[in-house]
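Letter by letter, the chains look like this.
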Amino acid sequence: KSNASTNSDKGTKSKKKAAKLSYKDQQELDKLPVTIAELEKDIDAVQADMASADFYQQSSDKIAEVNAKLEQLELSLSQNFERWEELEAKKDELER
């Protein structure tokens, strides 16, 4: 009988100790807003370059390179937003 209550107590204590994000996850969550802001700034800069009148006067290789860079930045931004949402949801769940 005492073993059963001891085991259930351990389970309760484990849940209470784990009621916050891991150090690694918290560090990542803290850095994500900065990373997202930098990506947005980079995307804006590439889009501004592409909007300039002489952008399409460049070689097709250069245009393709810039388009690929923009696609990569947008993909990275999307992935970082998804990860931020994941970590925020995990944090909210743990804090309940």
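Let us look at the structure shown here. Here the structure is a predicted model, which is why all the values come from computation and not from measurement.

## Some points on the pattern of salt bridges
Item 1. Evaluated as defined, the whole model comprises six salt bridges.
Item 2. The shortest N-O distance in the salt bridge between Asp25 and Arg83 comes to 3.4 Å. Taken as a pair, Asp25 in helix H2 (residues 23-51) and Arg83 in helix H3 (residues 60-95) lie far apart in primary sequence, 58 residues in all.
Item 3. You can call Asp25 buried: its relative accessible area is 8%.
Item 4. Put simply, Arg83 and Glu86 hold a salt bridge, and the shortest N to O gap is 2.7 Å. Here the residue Arg83 and the residue Glu86 both occupy positions in helix H3, the gap between them amounting to three residues, near one helical turn.
Item 5. Using a relative accessible area of 24% as the deciding quantity, one classes Arg83 as partly exposed.

Rules used throughout
- Residues numbered from 1 in each chain as written.
- Predicted model: local features only at pLDDT ≥ 70, side-chain atom pairs only at ≥ 80, totals over all residues.
- Heavy atoms only, no water.
- Salt bridge = Lys/Arg side-chain N within 4 Å of Asp/Glu carboxyl O.
- Helix = DSSP H or I, 4+ residues; strand = E, 2+ residues; numbered from the N terminus.
- Buried < 20%, exposed > 50% of the residue type's maximum accessible area, 1.4 Å probe, protein only.

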